[in-house]
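Each chain is listed here by its residues.
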Amino acid sequence: MPSHKFFIITICAIFINCGGTDNTKYFRLSTNGTKNTFQLGDTLKLNVQVLKDKSPSDITYFLNEEKISPNYVLENVRLGQNQIKAIVNSDESSETLESSITILNNKSPRIPSFEVVNVYPHDITSYTQGLEFHQDTLYESTGQYGESKLRKLNFETGEVYKEIKLDDSKFGEGLTILNNKIYQLTWRSNIGYVYDISTFDRIQSFTYHTSKEGWGLCNDGKMLYKSDGTDNIWNLNPVNLKEEGKIEVYTNKGRIESLNELEWVKGKIYANIYQRNGVAVIDPTNGAVEAVIDCSSLKEKVSQHPKLDVLNGIAYHPVRNTFFVTGKRWDKLFEIRLIDN
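This write-up is about the structure you can find in this document. The model shown is predicted, which means the values in this text are computed figures rather than measured ones. (Residues numbered from 1 in each chain as written. Predicted model: local features only at pLDDT ≥ 70, side-chain atom pairs only at ≥ 80, totals over all residues. Heavy atoms only, no water.)

Observations regarding empty space enclosed by the protein
Taken as a whole and judged by the stated rule, the model has two cavities of 30 Å³ or more. What the largest cavity holds in volume is close to 90 Å³. What lines the largest cavity is a set of 13 residues, and nearest its centre among them are P121, H122, D123, L153 and G158. Secondary-structure elements contributing two or more residues to the lining of the largest cavity are strand 11 (137-142) and strand 12 (149-153). Taken together, the residues of the lining of the largest cavity break down into six nonpolar, four polar and three charged. Along the walls of the second largest cavity sit Y270, V279, I293, C295, I314, F323, V325, I336 and L338, which together make up its complete lining. A class-by-class count of the residues in the lining of the second largest cavity yields nine nonpolar, no polar and no charged. (1 Å grid on protein atoms, 1.4 Å probe; cavity = no way out; pocket = protein on both sides within 12 Å on 5 of 7 lines; lining within 4 Å. Points joined across faces, edges and corners; volume = space filled by probe spheres on them. Helix = DSSP H or I, 4+ residues; strand = E, 2+ residues; numbered from the N terminus. Nonpolar A, V, L, I, M, F, W, Y, C, P; charged D, E, K, R; others polar.)

Concerning unusual backbone geometry
Although it is not a glycine, K35 sits at a positive phi angle of roughly 55°. With respect to the secondary-structure elements, K35 resides in the loop between strand 1 (27-31) and strand 2 (37-39). At N76, a position not held by glycine, the phi torsion is positive, near 55°. Among the structural elements, N76 can be located in the loop between strand 6 (71-73) and strand 7 (80-90).

Comments concerning the layout of surface pockets
Here the largest pocket is characterised by a volume of approximately 270 Å³. Together, 14 residues line the largest pocket, and E132, F133, E263, W264 and Y316 are the ones closest to its centre. Elements with a contribution of two residues or more to the lining of the largest pocket: strand 10 (128-134), strand 14 (172-178), strand 18 (217-219) and strand 22 (259-265). The element that contributes the greatest number of residues to the lining of the largest pocket is strand 10, accounting for three residues. Taken together, the residues of the lining of the largest pocket sort by class into six nonpolar, five polar and three charged.

Structure below.
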C-alpha cells in the first residue's frame, strides 16, 4: 500500500511541475515614470516586457479604457490615480495586463492675497458648515449633534429670517442652492435633504453611494459637486442625486485631502481645506489646484474663546464680486476681495 501512495503523489507532482496549474504571466506592463508618477504634459511611454519565450503578435494600450498609443502625451486627463492596460495577443492566446499611474499637476499653485472689505456680525454659536448666497440673502448650514440648523440670514446684521433645526441624531454639513431648492448634507448619517427655498419644507431625501460621508456642496447651475473629506469631489445628478463621476484634487506635489465646504465661482471650485484655514482653487475638469488662499490671519481677528474652531464657510457674492468667509463658532463674517498676485 505505501508503494502505491508514493506513485500517486509522484504523478501529481509531475503534473503540477509540467504546468497544469502554472498561472505565471508571459508579459509585464511597464512605464517610464518613476514609481509610475507623471505630471501633466509628460509623455507616458508604455512597454510590454517578455517574461517567457513567447512573442506578442499584437499589443493594444489603454488609459482609463480609452485606446492610446504607446507614447502618449498626458494632456486633457484627470489628475490622480489613472488605470493603464495592455491587451497582448500571441499564438491564438490573449493576456490582459493592468496597472495604475499617478498624474500630478505641472504647476505650483498661485498664492493670491486678499483685502478685507467689510466685517459683519456672525452668530458665535454657529458651527458653520455651508454658506451660500441666493440673490442678496445668505443661507447657512450648521453642524454638531443637537445643534445642526438650516438658516436664512441678513448678512449685514446677522438677523435670522428663517430657521429649521435638524433631528438631534443628524450632524449638518454643506449646502447649495439650485433651481429654488436647497440641498443640504449630513456628515455620517448617509443622508442628504432637499428643501423648498421659500418654505424650508423638506421635499426629498437622498442617500450617498461610494462617497461615504457628506462634507461640502456647490453647483455650476446644472450639476452638484460634493466633497467627502478626502481628496475626491463627486459629481451628483441634481435630479436623482446619483454620483456620476469624480475628480481627485492634486497639486504638483501630491493630493490635497480634507476638502470641506465648496463654492462654485466663474468655472472654478473653491474648497475650504479642513484644519488648514485655507481655500484651494480647483479646476473642475481635472482636479488641478491652481491657487491656495491663506486665510489664517482672519482667525486672529475674531473673539478668542475655548470653542473657537477652524475657518469654514465661503460664499461668493456675484454683484459685489467679493467673497464672504467665516468659521466654526466665529463671531465675525468677513467680506474679502482677492488680489491675484
